[in-house]
Amino acid sequence: VPTATADIGLVGLAVMGENLVLNLESRGFTVAVHNRTVARIDDFLAGRAQGRRILGGRSAEEFVALLKKPRAIMIMVRAGSAVDDTIELFTPYLEPGDILIDGGNSHYLDTERRASRLADRGLLFVGTGVSGGEEGALNGPSVMPGGHEAAWPHVGPMLQAIAARTPDGTPCCDWVGAGGAGHFVKMVHNGIEYADMQMIGEAYHLMRDVLGLSAPEMSDVFARWNTGRLGSYLIEITANILAKTDDVTGLPLVDLILDTAGQKGTGKWTSEAALTLGVPAATIAEAVFARAISALKDERVAASRVLEGPATSFEGDKDAFLADLELALYASKICSYAQGFALMGGAAREYGWRLDFGRIAHLWREGCIIRAVFLDDIHEAYMEEPRLPSLLLAPFFQRATSEASAAWRRVVSRAVLSGVPVPAFSSALSYFDAYRSAKLPANLLQAQRDYFGAHQYERTDAPRGQFFHTDWTGEG
Ligand code: ATR
């Protein structure tokens, strides 16, 4: 029987799993590893893990025996049934108080289900978001754990040790909440990431097709934006991408890449959650739909030959338009974050989670794909007023949207007049305009519902909650 010397175990030696193991080991922890395909364990031990405090457990029993108690096992396998299979494989060897941590991109409702099922057996289940890709996993990801809080005192120090840090040194890892809260927050992170990427794409589209800028020229614009309020990982890599030339043709590589986007489903999950919870998050959903329409390449090519649009010639001041574009991107981004935070608020109410939005903004400040200087402003907004109904109402963001408003409207108008699709910019602007409208046209909608379905309506001159029905046609 091997001696139990490992501080933590990790199952699933794909790239993310391997990198997390190396990260944990580099912070002083001894790590036991296991993988369904055993050859992968041997390859890892003989390769990247060589000479480090990393132990292989070739069977579930051998692996569990390597772990100090209470045992903590991090699961990094493909989301879905593989997580259930892995849990079933290890639970016979575990005892009450042991901890299972799912670090994959699991759906939060699966995490809720697993947490309550394992609680029945006395096991502590943690579902954690891990963002930052392969590089983040190795050097410092953003980590968003939720589930059984009793696990936190034991796993917190390990997860915080491997996490990225904000400029003031705070780990980008903190307890998020009960049940599926950690995976929910990670899911919203990904939804916001979809919207960020879509908006950057729309800015690029306008620069390319309306202003006629070349890829290197656009690279310079993004590099400049990266030094200001838009400073972020996604803007930075966009500048780098636009500067890259293809080795074979010498052309900008981006111009050679087929314009059909893939997706793995977390943007869809975010949008589904928004629909289920009744929280308006149209900009995030538009970003998912934009990928879907991009995937209709053949249909679009055929349609482009028969469906007409306006000419895209531009005769204005290009620098002035670029200045407008920066503000439009910034204001739209504020709206998509406002939607994402409102969605977390809706989930917190629905599931009874106590989410700390200021802390969540800081979890995303470094390590993850949406890391940005802008998250400091969100952090501060929620520190000043934790009960903010919307990010749009924070004084800082009130000023920001007010200053951007005219530029934002010019950009959306120009895009519409030029026939360039801007679903994220325009839905963000509509969200903003709807949110700041004391009076929307839903009075007419209620009248229609009452007309055809006797659904009743409330009156402006009667107390809320008192319902009326009208015989609209005089026939009933
Ligand atoms: P990759 O292509 O990088 O291997 P993947 O197929 O999604 O990605 O698998 C990621 C991890 O999940 C791998 O460690 C994989 O184990 P194998 O190396 O044995 O394929 C693991 N995994 C996938 N399905 C699994 C299952 N049903 N049970 C246990 N582990 C599973």
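Residues numbered from 1 in each chain as written. Predicted model: local features only at pLDDT ≥ 70, side-chain atom pairs only at ≥ 80, totals over all residues.

1. Notes on the confidence of the model for the protein
The predicted model of the protein has a mean per-residue pLDDT of 97, with 99% of residues at 70 or higher. As scored by the predictor, the complex reaches a pTM of 0.96 and an ipTM of 0.95. (pLDDT = per-residue confidence, 0-100.)

2. Observations concerning the environment of Phe29
Secondary-structure assignment places Phe29 in the loop between helix H1 (15–26) and strand E2 (31–34). Separated by 256 residues in sequence, Phe29 and Ala285 place their C-alpha atoms 41 Å apart. Once you skip the residues sitting within four places of it in the chain, Phe29 turns out to touch Asp7, Ile8, Leu24 and Met158. (Helix = DSSP H or I, 4+ residues; strand = E, 2+ residues; numbered from the N terminus. Contact = placed C-beta atoms within 7 Å.)

3. Points about the pairing of strand E1 (residues 8–11)
By the alternation rule, side chains of E1 split into Ile8 and Leu10 and Gly9 and Val11, which are all buried. Bridging between E1 and E2 involves 4 bridges; their strand directions are parallel. What sits directly across from Leu10, in E2, is Val33. Viewed along the sheet, the connection from E1 through H1 into E2 turns out right-handed. Here E1 pairs with strand E4 (residues 72–75) via 3 bridges, running parallel. Within E4, the residue paired with Leu10 across the bridge is Met74. (Buried ≥ 20, exposed ≤ 12 C-beta atoms within 10 Å, placed from the backbone. Pairing = 2+ DSSP bridges. Right-handed = clockwise from strand over helix to strand, strands pointing away.)

4. A few points about the domain arrangement of the protein
As assigned here, the protein comprises domain 1 (8–179), domain 2 (186–435) and domain 3 (445–476). Centre-to-centre, using C-alpha coordinates, domain 2 lies 39 Å away from domain 3. (Domains from an automatic or database assignment.)

5. Let's talk about the site of the ligand
Neighbouring the ligand are Gly12, Leu13, Ala14, Asn35, Arg36, Thr37, Arg40, Val77, Arg78, Ala82, Asp85 and Thr86. Looking at which element gives the most residues to the shell around the ligand, the answer is helix H4 (residues 81–90), with 3 residues. Looking at the shell around the ligand residue by residue, the class counts come to 4 nonpolar, 4 polar and 4 charged. (Near = placed C-beta within 6 Å. Nonpolar A, V, L, I, M, F, W, Y, C, P; charged D, E, K, R; others polar.)

6. Describing unusual backbone geometry
That bond from Lys69 to Pro70 is cis: its omega, -5°, falls within 30 degrees of zero. Within the secondary structure, Pro70 sits in the loop between helix H3 (60–65) and E4. Non-glycine residue Ala454 carries a positive phi angle of around 50°. Looking at the element boundaries, Ala454 is found in the segment after helix H19 (442–453). Its identity as a non-glycine residue notwithstanding, Gln456 has a phi of 70°, on the positive side. Take Gln456: it is sitting in the segment after H19. Since 13 C-beta atoms lie within 10 Å of it, Gln456 is described here as partly exposed.

7. Points about the UniProt feature "domain: 6-phosphogluconate dehydrogenase C-terminal" (unreviewed entry) in the protein
Here the UniProt-annotated "domain: 6-phosphogluconate dehydrogenase C-terminal" (unreviewed entry) positions come out as residues 182–473. In residues 182–473, helix accounts for 63% and strand for 0%; the two terminal C-alpha atoms are 53 Å from one another. (UniProt positions renumbered as here; feature names shortened; annotations may be inferred.)

8. Structural notes on the sheet that holds strand E6 (residues 124–131)
Strand order in this open sheet of 7 strands is E3-E2-E1-E4-E5-E6-E7, and the pairing throughout is mixed. The strands lining the two open edges of the sheet, one partner per strand, are strand E3 (54–56) and strand E7 (142–147). Neighbour to neighbour, the strand axes of the sheet diverge by 25° on average, direction disregarded. In this sheet, E7 lies alongside E6 in antiparallel orientation, the contact comprising 6 bridges. Within the sheet, the bridge partner assigned to Val126 lies in E7 and is Gly147. In the packing of H4 onto the sheet, the strands contacted are E1, E4 and strand E5 (99–102), and the crossing angle to E4 comes to about 155°. (Axes fitted to C-alpha atoms, helices over the stretch in contact; angles between N-to-C directions.)

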